[in-house]
Amino acid sequence: MADPKLSDARVLVITGAGISAESGIATFRGPGGYWRKMDPAKLATEAAFRSDPALVWEWYRERREQIRGACPNAAHIAVVELAATAGDFLLVTQNVDDLHLRAKWNGRALAPELCVQIHGDIFVTRCSRCDYRTTKRLHADDAASVPVCPRCEIALRPGVVWFGESLPPNEVQRVEAFLDGGRADVTIVIGTTALFGYIVEWAVRGRRAGGELVEINPEETPLSPHATRAIRGAAAAALPGLVAEWSHSGLGSSPSRHSVGG
Ligand code: NAD
Ligand code: ZN
């Protein structure tokens, strides 16, 4: 049987903070993850925001600034190449940065309909009571203050999903629709600790009935036992070569079927 061509394949990519690490954006659990000796897993919560909105906003302000100054790396660009080359494609990112959307391959950017930001967008500021939301650069981005809803006069919050909050139903629906649309020939999971059950579930569902499941991460994760191929390296070093290999020689060329990572 001929190797399936990338242009005929359905490809699901799932990314986490690790893909942006080489752009200089710290992961939560890696080096530099702590902010002023505080654990991001405690800061990125509704409870932290309620008890000290100014502190939480200061953290988000610094992160927005860091992301504005960062550039997409070779892995973000390779994801755009995959999206442009694959027959059917969806990116599900846990990242709240905009590097996937700013990356360009051959002058093309990722179409927004091919990207689900399942944990929201750090550049959105929204109200938790009414439907007010804005992506405008706010006064709060430049000064130590808490932005306030123009309608409700309560503190606005960053448009991200905090630990313990539910996922945005519309975005979940987009992932489900892709998974219901058939098997993913290739599922690639990049730079996530895969600690959220739904990430593992989506990745495993993607690969059902014989699809490939490639994990790119320097470390093992709860997903590793399910992977048909594990690349224990940095995303920017590993992904471009993999995409080049698939676009030149088709999917069957990968040694993955023989070297099961674990
Ligand atoms: P995480 O911080 O828990 O884990 C990062 C993972 O990336 C680890 O498994 C690590 O081994 C791996 N990694 C580190 N460097 C890598 C590299 N160069 N190439 C490939 N992999 C590498 O991140 P998470 O699993 O995404 O979960 C944390 C939560 O924090 C998510 O909800 C995410 O939205 C949020 N977060 C987002 C950003 C961002 O938007 N850039 C940054 C930090 C945290
Ligand atoms: Zn409001």
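The following refers to the structure shown. (Residues numbered from 1 in each chain as written. Chains lettered and ligands numbered in written order. Predicted model: local features only at pLDDT ≥ 70, side-chain atom pairs only at ≥ 80, totals over all residues. Heavy atoms only, no water.)

Quick look at the sheet that holds strand β6 (residues 120-126) now. Pairing is antiparallel in the open sheet, where 3 strands are placed in the order β7-β6-β8. A strand with exactly one partner marks an edge of an open sheet, and here the two such strands are β7 (133-134) and β8 (157-160). Strands in contact with helix α4 (residues 53-68) are β6 and β8; relative to β6, the strand with the most contacts, it is inclined by about 125 degrees. (Pairing = 2+ DSSP bridges. Helix = DSSP H or I, 4+ residues; strand = E, 2+ residues; numbered from the N terminus. Contact = heavy atoms within 4.5 Å. Axes fitted to C-alpha atoms, helices over the stretch in contact; angles between N-to-C directions.)

Summed over the entire model, instances satisfying the criterion amount to 15 salt bridges. The partner of R10 in a salt bridge is D88, with the nearest N and O atoms 3.0 Å apart. Of this pair, R10 sits in strand β1 (residues 10-15) while D88 sits in strand β2 (residues 88-93), and the two are 78 residues apart along the sequence. We classify R10 as buried; its relative accessible area is 12%. You can call D88 partly exposed: its relative accessible area is 32%. Two residues, E201 and R205, come together in a salt bridge whose shortest N-O distance is 2.9 Å. Placement of both E201 and R205 in helix α8 (residues 197-206) is noted, with a separation of 4 residues, approximately one turn of the helix. Exposure remark for E201: the relative accessible area of 40% places this residue in the partly exposed category. Exposure remark for R205: the relative accessible area of 23% places this residue in the partly exposed category. (Salt bridge = Lys/Arg side-chain N within 4 Å of Asp/Glu carboxyl O. Buried < 20%, exposed > 50% of the residue type's maximum accessible area, 1.4 Å probe, protein only.)

In short, geometric facts, not functional conclusions.
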